[in-house]
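Reading the structure
What follows is the residue order along each chain.
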Amino acid sequence: MTDKPNYRVIGTRPVRPDGIDKVTGRAQYGADTRLPGMLRGYVLRSPHAHAKIRGIDTSKAEALPGVKAVMTAADFCAPGQTVDQLPDLSANLMAGTKALYRGHAVAAVAAITDEIARDAAALIEVNYEVLPPVLDVREAMLPGAPILHEAMRSRTPTGPGENPSNIVAHTLSAFGDADAALAECDVVVDIVTSTKMVHQGYIEPQAATATWNPDGQVVIWTCTQGSFPARQNCSQILGHPISKIKVIPTEIGGGFGGKIAVYLEPVAAVLARKTGKPVKLTMDRSDVFEGTGPTPGTSIRATLGATKDGKFKALKADMAYENGAYPGAAATYATMVAAACYDIEHVKIDAFDVVVNKPRTQDYRAPSSPAAAFAIEQLVDKAAEKLGMDPLKLRLANSSHEGSRGPMGMPFSRIGHAECVEAALDSPHYNAPLEGPNRGRGVASGFWFNVGLRSSVNVTVQPDGTVSLVEGSTDIGGTRASLAMQLAETIGVEYEDVKPAVVDTDAVGYNDVTAGSRVTFASGMAVVEAGRNLIKEMTARLATAWNVPADAISFSNGVFSTADGSKTGTFKQIAENVVGRGPGLTVSGSVNAGFLQGGGFAHHIVDVEVDPDTGKVQILRYTAVQDVGTAVHPSYVEGQLQGGAAQGIGWALNEEYYYDETGRMVNAGYLDYRIPTTLDVPMIDTILVEVPNPLHPYGVRGAGEPPIVPPLAAIANAVYRATGQRQTQLPMSPRRILETTGKLG
Amino acid sequence: MFIPAMMRSMTGGAAQVPASGATVRAVIEDLVRQHPGLAGRVVDENGVRPELFIAVGSEEIFNLDQAVAEGAEVHLLAAIAGG
Amino acid sequence: MAVKDYIAPSSVDDAVAVLSEHGADARPFAGGTDLIIQVRERRRQVGIMLDVKKIPELMEYSIGADGSLRVGAAVACARLYNDAEVARRFPALIDSASLIGGIQIQSRASLGGNLCNSSPAGDSIPTLIALGATCEIAGRGGRRTVPVESFCTGPGANVLQPGELLVSLTFPAPAANSGAAFERFIPRNEMDIAVANAAANVTLSADGATFTAARIAIGAVAPTALLVAETGAALAGKPVSADTIAAAAAAARAAARPITDMRGSADQRRHLAGVLVTRVIEKAVERARKA
């Protein structure tokens with residue numbers, strides 16, 4: 001491992017700037033927006049999973065006292081116009097001619113109270129022609145399945161399909177000749193897996209409030225992961241210029257990818273336009289489950305071939321991913337991540353993106369990667385068993401590395417998968433014996449590519465020598481702290497002297513979404529750039545003040561000094577005494593950090609005990625290892641690893657969208673949609689591997705997404721060792737464990 | 001030239017396509033000449049499409065006039081973010 | 001549509017008067033941990049929320065001279081499990097009272113409320129049945145008592161007539177050499193609803209070697225929690241042994257009439273009825289021998 005530079009601030013664990021507001025309840029979240037004269041909105045949702053909408057009669061609702069406006073999909077545009085940009089996004093916000101899933105919004109009401117809005121919604125008469133739904137990804141692919149979109153033709157490697165189909169796209173990702181190579185392998189293992197749709201399970205339901213002034217100025221308060229993309233989407237859906245829309249991001253109670261898409265924002269804006277008053281819309285938990293974007297259910301068949309010495313030669317897979325009601329690219333993503341941990345010469349993946357009558361899926365923490373790893377990492381486990389090799393040593397022998405071809409064909413830069421596996425091999429957990437009946441240990445690796453994209457920040461010097469850091473990336477994972485720390489490191493001040501703030505879309509340059517594990521990386525690069533610009537500008541002003549050439553002044557460890565050492569001053573002294581006398585000083589840092597960060601790899605170890613009588617899986621011990629590049633704030637990085645593992649434990653053991661045959665999700669609440677409680681998750685040990693990322697000035701890598709990738713397979717591998725029975729379907733609920741271990745006769 | 005999965009319907013399914021040119025811009029122009037379906041999908045009048053990134057070897061590049069060595073791999077990367 | 005009124009009477013008679021006047025439009029609540037959610041989610045229409053927590057009789061509990069326990073219908077679970085004497089004499093009651101919801105819920109929720117909600121999966125009901133509790137019900141015509149195993153008549157349904165209010169539950173003094181226990185199975189370790197549950201109350205011979213009597217109840221495996229007489233009969237007079245307990249478990253499985261839903265399959269629930277009955281009998285025996 002490369003030696004880590006001696007950082008002054010990076011690697012410490014200061015208190016987060018937003019901490020006090022959050023623990024005292026003062027922080028303003030999405031639903032906390034309150035404006036004078038504000039109305040409450042309510043969204044009416046389809047009770048049917050698949051139905052034509054013949055007509056909507058809103059007259060009774062409009063006549064109810066206290067109701068100020070009722071809207072339908074037609075209200076997004078001026079009469080006679082259609083939404084020409086993002087038609088799918090618009091139709092997902094509010095169904096026009098067809099409801100494609102239960103919970104699909106069909107109309108909305110604004111009224112003086114929430115109760116009246118709900119009562120009014122019940123008076124809206126929607127004339128539905130109910131159609132048979134298709135709920136299973138493989139069934140949806142079959143000829144004769146109910147068709148969601150009559151006009152849709154499959155994209156295939158050989159061109160568009162001829163007939164309507166629920167297959168959005170068949171994507172082929174092939175390197176080498178997998179079929180020929182498999183035929184020559186000494187050891188071939190295969191698996192067929194299926195996983196169910198699951199939700200991100202963020203604590204805070206979606207909420208949005210909008211005002212629409214008579215001059216067309218629109219302001220939207222929302223708990224979004226990306227205020228700039230939200231502004232863009234609202235502009236496109238509403239046909240309203242970006243310059244007239246300001247999005248103010250509130251605090252956000254979790255997102256994990258589920259708060260990238262807009263749902264309530266354009267609806268609130270239309271209702272505000274129609275009523276001339278502020279309108280607030282909030283979702284309850286069932287709206288969140290039924291009306292937002294969970295992650296796809298999947299069906300995967302995969303085959304892995306290796307030589308008798310344990311060298312992987314070929315991987316072949318057929319992966320079908322639900323996109324929910326509208327086209328997406330979940331399966332296409334899967335082709336980009338499925339084989340990333342290993343250096344395999346021959347890979348062939350056929351991926352199918354498929355629409356079904358369920359909510360339109362969205363990203364969820366390393367989207368598409370966990371379900372793929374559930375299949376691939378069990379294959380690796382099977383191969384290790386067949387080869388008689390330690391599953392970690394087998395992974396090490398086949399690990400991707402710098403220069404090996406990544407899953408998109410591009411060679412990896414410096415990555416740390418092998419280092420993670422080595423750290424796991426050396427870990428106290430892996431070296432501790434696991435004793436007792438019905439217990440098993442499982443391991444699995446995981447990958448997410450982590451992205452860069454665009455970020456901007458402004459830095460202003462204050463008269464007392466502190467600095468304000470203005471950023472546009474929503475702070476979900478402690479990024480106010482991690483960005484302030486990078487600025488403090490760069491300009492040589494104390495962390496406490498940097499005051500970070502997340503601002504609205506009018507107040508800072510463009511920022512892409514807080515997603516893809518990108519903010520500490522890419523906004524961090526913008527911060528470093530801004531810090532360097534600041535030092536440069538201060539040096540110029542100091543040159544005038546000291547009457548020396550600018551190049552005679554050096555800056556290091558927070559101190560400006562002339563070459564002869566005759567004049568020196570700390571950042572704070574110069575800021576106060578020199579900058580403070582001149583005009584205000586604000587600098588920016590703006591970056592396009594590219595697409596890829598180089599790749600984030602994780603490796604998890606888990607011990608389980610399975611109750612043979614009840615089928616219940618208890619997590620006894622859990623260790624999450626991850627290459628995090630440089631841990632800027634190690635506590636928050638550890639928190640990311642622990643949070644990802646906890647979500648993975650829930651996904652593995654109990655979470656699922658449970659549908660009845662009509663397409664109704666019958667467990668749309670936290671009573672029966674079982675995310676783990678604190679008593680279900682042991683203390684998750686973390687091992688931070690730091691292989692500095694050459695693409696970032698401080699070696700940072702995104703940390704948020706890789707840790708949700710290994711748990712599904714790691715737990716499945718552990719359950720196999722505990723019971724002798726492979727688990728190929730999720731969730732590994734007590735019921736499924738009893739059924740698959742033959743306990744129910 | 002490496003084509004991202006979602007654009008392979010425009011290259012007859014091919015993931016790797018030979019193209020020649022002294023700069024990234026020239027290589028892309030050659031690619032589009034061979035596969036006209038890609039016209040406007042990689043670069044348009046304002047430069048590289050916002051949803052695409054380009055790498056030469058293992059390094060992403062932002063300047064279309066960057067030189068490309070003989071035998072170099074040019075990668076088109078379709079950007080997605082994640083969760 | 002919304003709740004029109006909140007009334008908090010201070011006597012049983014006043015409460016009965018309100019219930020008689022408004023019929024099904026009025027609904028009594030104690031902790032409100034079921035009812036408020038049902039109203040908020042529009043699963044139940046309620047015009048008048050009748051808060052019974054101001055009625056002293058419903059808020060008191062006491063152990064009688066004969067060792068019996070009388071618990072007002074609105075006494076919060078936490079008050080019972082925090083009482084060392086109740087905990088010592090009725091440990092099975094504490095098994096139930098201490099796992100319904102979390103601490104906040106337990107500080108509001110009552111045994112009476114759990115019973116009146118009449119969920120097939122209610123976590124106190126098998127215990128109330130195994131312990132042989134009787135319900136005291138007040139109505140316009142006076143008071144009547146009903147054995148708790150006859151109280152629930154179906155999911156969300158019970159013997160309370162319009163105008164009637166559950167006042168208290170009375171538990172007979174535990175017999176000598178007896179022990180009782182309750183367990184449930186949930187997919188998680190907390191904050192969950194039973195896939196199946198079971199309670200046992202066993203009386204042993206003085207030497208602890210033979211079952212002399214037993215009351216076994218199972219829940220979440222039928223429209224109401226069931227007193228499984230066959231299981232009790234399978235134990236009475238038999239030696240305390242794995243075979244005897246296995247026979248009782250088999251009788252419980254045979255008595256179960258479960259459904260398949262999102263919380264579990266019929267086969268799984270039937271299997272769990274046997275597993276849980278085995279476990280609660282073993283635990284009850286252990287407690288009986290220690291008593």
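Small disclaimer: the values here were computed from a predicted structure and weren't measured.

In this section: the overall build of chain C. Scanning chain C from N- to C-terminus turns up eleven helices and 14 strands. For chain C, whose C-alpha radius of gyration is 19 Å, the value lies close to the compact-globule estimate of 19 Å for 291 residues. The buried share of chain C, reckoned over its 291 residues, is 55%. Nonlocal contacts in chain C, meaning residues at least 24 apart in sequence, comprise 61% of its contacts between residues at least 6 apart. Counting every atom, chain C has about 11600 Å² of accessible surface; 53% of that belongs to carbon and sulfur. Mean positive and mean negative side-chain charge positions of chain C (30 and 28 charges, respectively) differ by 3 Å.

The next thing to look at is the interface of chain C and chain A. With 24 residues of chain C at the contact, the number on the chain A side is 28 residues. Both faces combined, the contact of chain C with chain A buries some 2300 Å², and carbon together with sulfur accounts for 53% of it. Viewed at the interface, chain A and chain C are joined by six salt bridges. Taking the shortest distance from any N to any O, the salt bridge between A:Arg674 and C:Asp192 comes out at 2.8 Å. The interface formed by chain C and chain A holds 14 residue pairs in polar contact (both at pLDDT 80 or more) in total.

A separate point is the nonpolar core. Ranked by internal contacts, the top residues of the largest apolar core, which has 102 residues, are A:Met319, A:Phe449, A:Phe595, A:Val608 and A:Ile715. Among the elements that take part in this core, helix H11 (residues 369-387) of chain A stands out by supplying eleven residues, more than any other. There are two domains that each give this core at least three residues, and those are domain 1 (19-26 + 452-592) and domain 3 (298-450 + 596-740) of chain A. What A:Ile715 contacts, discounting residues up to four positions off in sequence, is A:Val606, A:Val608, A:Ile619, A:Ile649, A:Ala652, A:Leu653 and A:Met732. Of all hydrophobic cores here, the second largest spans 50 residues; its members include C:Ala15, C:Leu80, C:Val86 and C:Ile137.

Here the idea is simple: oppositely charged side chains can pair when their charged atoms come close. What the rule picks out here adds up to 65 salt bridges over all chains. The residue A:Asp611 makes a salt bridge to C:Arg279 at a minimum N-O spacing of 3.0 Å. Residue A:Asp611 is found in the loop between strand E26 (600-610) and strand E27 (617-627), and its partner C:Arg279 is found in helix H11 (residues 266-290); the two belong to separate chains. The residue C:Arg184 makes a salt bridge to C:Asp123 at a minimum N-O spacing of 2.6 Å. Here C:Arg184, found in strand E11 (residues 178-185), pairs with C:Asp123, found in the loop between helix H7 (111-117) and helix H8 (125-130); they are 61 residues apart in sequence, far enough to count as distant. Here C:Arg184 matches C:Asp123 in class, with each residue buried. Residues joined by salt bridges that share partners form a network here, namely A:Arg16, A:Asp18, A:Lys22, A:Glu251, A:Asp475 and A:Arg480.

Take the sheet that holds strand E2 (residues 26-29) of chain C next. All names here are of chain C. Here we have three strands laid out as an open sheet, ordered E1-E3-E2, and parallel in their pairing. Of all the strands in the sheet, the pair left with one neighbour each is strand E1 (5-7) and E2. When strand polarity is set aside, the average angle formed by the axes of neighbouring strands in this sheet is 25 degrees. Of the pairings in the sheet, the one linking E2 to strand E3 (residues 48-51) comprises four bridges and is parallel in character. By the bridge assignment, Ala26 is partnered in E3 with Ile48. Across the sheet, helix H1 (residues 12-22) is in contact with E1, E2 and E3; its angle to E3 comes to roughly 165 degrees.

Further remarks concern the side chain of A:Thr614. Its location among the elements puts A:Thr614 in the loop between E26 and E27. A residue is classified by how much of its surface remains accessible, and A:Thr614, at 1% relative accessible area, is buried. In this structure the side chain of A:Thr614 is engaged in a polar contact, spanning 3.3 Å, whose partner is the side chain of A:Asp611. Among the polar contacts listed, one links the side chain of A:Thr614 to the backbone nitrogen of A:Lys616, at a separation of 3.3 Å. If near-sequence neighbours (up to four positions away) are discounted, A:Thr614 is found in contact with A:Pro734, A:Leu738, C:Phe185, C:Leu272, C:Val275 and C:Arg279.

To continue, consider the domain arrangement of chain C. Residues and elements named next belong to chain C. Under the domain assignment, chain C is made up of domain 1 (5-51), domain 2 (57-171) and domain 3 (178-290). Taking the mean C-alpha position of each, domain 2 and domain 3 sit 20 Å from one another. Between domain 2 and domain 3, roughly 1800 Å² of surface is buried when both sides are summed, and carbon and sulfur atoms account for 60% of that area. There are three salt bridges connecting domain 2 and domain 3. Arg287 serves as the salt-bridge partner of Asp95, at 2.8 Å between the closest nitrogen and oxygen. Taken together, the connections running from domain 2 to domain 3 amount to twelve residue pairs in polar contact (both at pLDDT 80 or more). Of all elements in the fold, only helix H5 (91-97), H8 and strand E8 (152-154) reach the threshold of two or more residues within the side of domain 2 that touches domain 3.

With that settled, the discussion passes to the interface of chain A and chain B. At the interface, 40 residues of chain A touch 25 residues of chain B. Contact between chain A and chain B buries roughly 2300 Å² in total, counting both sides, with carbon and sulfur atoms accounting for 65%. A per-residue breakdown of the area chain A buries against chain B is headed by A:Pro157, A:Met410 and A:Phe595, which together make up 24% of the total. Put simply, chain A and chain B have one salt bridge between them. Linking chain A to chain B there are five residue pairs in polar contact (both at pLDDT 80 or more). At the level of secondary structure, the elements contributing two or more residues to the side of chain A that touches chain B comprise strand E9 (167-175) and helix H10 (330-337) of chain A. When residues of the side of chain A that touches chain B are assigned to their parent elements, the largest contribution, five residues, is made by E9(A). In terms of residue class, the side of chain A that touches chain B is made up of 24 nonpolar, twelve polar and four charged.

What follows deals with the sheet that holds E11(C). The strands making up a sheet associate through hydrogen bonds between their backbones, and the pairing can be parallel or antiparallel. All names here are of chain C. Spatially, the four strands line up as an open sheet ordered E11-E12-E13-E14, and their pairing is antiparallel. If you trace the sheet from one side to the other, it starts and ends with E11 and strand E14 (226-227), each paired once. Pairing analysis gives eight bridges linking strand E12 (residues 196-204) to strand E13 (residues 211-219), with the strands arranged antiparallel. Bridge pairing in E13 links Asn201 to Arg215. Packing against the sheet, H11 makes contact with E11, E12 and E13, and its axis sits at approximately 150 degrees to E11.

Calculation criteria
- Numbering of residues starts from 1 in each chain and follows the order in which that chain's sequence is written.
- Chains carry letters and ligands carry numbers; both start at the beginning, A for chains and 1 for ligands, and go up in the order they are written.
- For a predicted model such as this one, the threshold for reporting local features is a pLDDT of at least 70, and the threshold for listing and counting side-chain atom pairs is 80 or more; totals across whole chains, interfaces and linings nevertheless cover every residue.
- The basis for every side-chain value is the complete set of non-hydrogen atoms in the structure, without hydrogens or water.
- The way it works is that DSSP assigns letters per residue, a run of H or I at least four long becomes a helix, a run of E at least two long becomes a strand, and they are numbered from the N terminus.
- With C-alpha atoms as the basis for the radius of gyration, the globule rule is written as 2.2 Å multiplied by the number of residues raised to the power 0.38.
- The buried label applies to any residue whose accessible area, calculated with a 1.4 Å probe on protein chains only, is under 20% of its type's maximum; exposed applies above 50%, and partly exposed to all values in between.
- The contact criterion used throughout is that any non-hydrogen atoms of two residues lie within 4.5 Å.
- Values of accessible area rely on a 1.4 Å probe in the Shrake-Rupley scheme; residue burial ignores everything except the protein chains shown.
- His residues and chain termini do not enter the charge count, which takes Lys and Arg as positive and Asp and Glu as negative.
- Taken as the charge centre is NZ of Lys, CZ of Arg, CG of Asp or CD of Glu, depending on the residue.
- Simply put, the buried area is the total loss of 1.4 Å probe accessible area from both parts when two parts are fitted together.
- Salt bridge criterion: a side-chain nitrogen from Lys or Arg within 4 Å of a carboxyl oxygen from Asp or Glu.
- Whenever two N or O atoms come within 3.5 Å, that pair is a polar contact, provided that in protein one can donate a hydrogen and the other can accept it, and provided that, for residues adjacent in sequence, both atoms are side-chain atoms.
- Think of a nonpolar core as a cluster: buried Ala, Val, Leu, Ile, Met, Phe, Trp, Tyr and Cys residues, connected wherever their side-chain atoms sit within 4.5 Å.
- By convention here, the domain bounds are inherited from an automatic or database domain assignment.
- Each pair of strands is called paired provided DSSP finds at least two bridges between the two strands.
- Here, axes are lines fitted to C-alpha atoms. For helices the fit covers the stretch in contact, and angles between N-to-C directions go from 0 to 180 degrees.
- Residue type decides the class: Asp, Glu, Lys and Arg count as charged, Ala, Val, Leu, Ile, Met, Phe, Trp, Tyr, Cys and Pro as nonpolar, and the leftover types, Gly among them, as polar.

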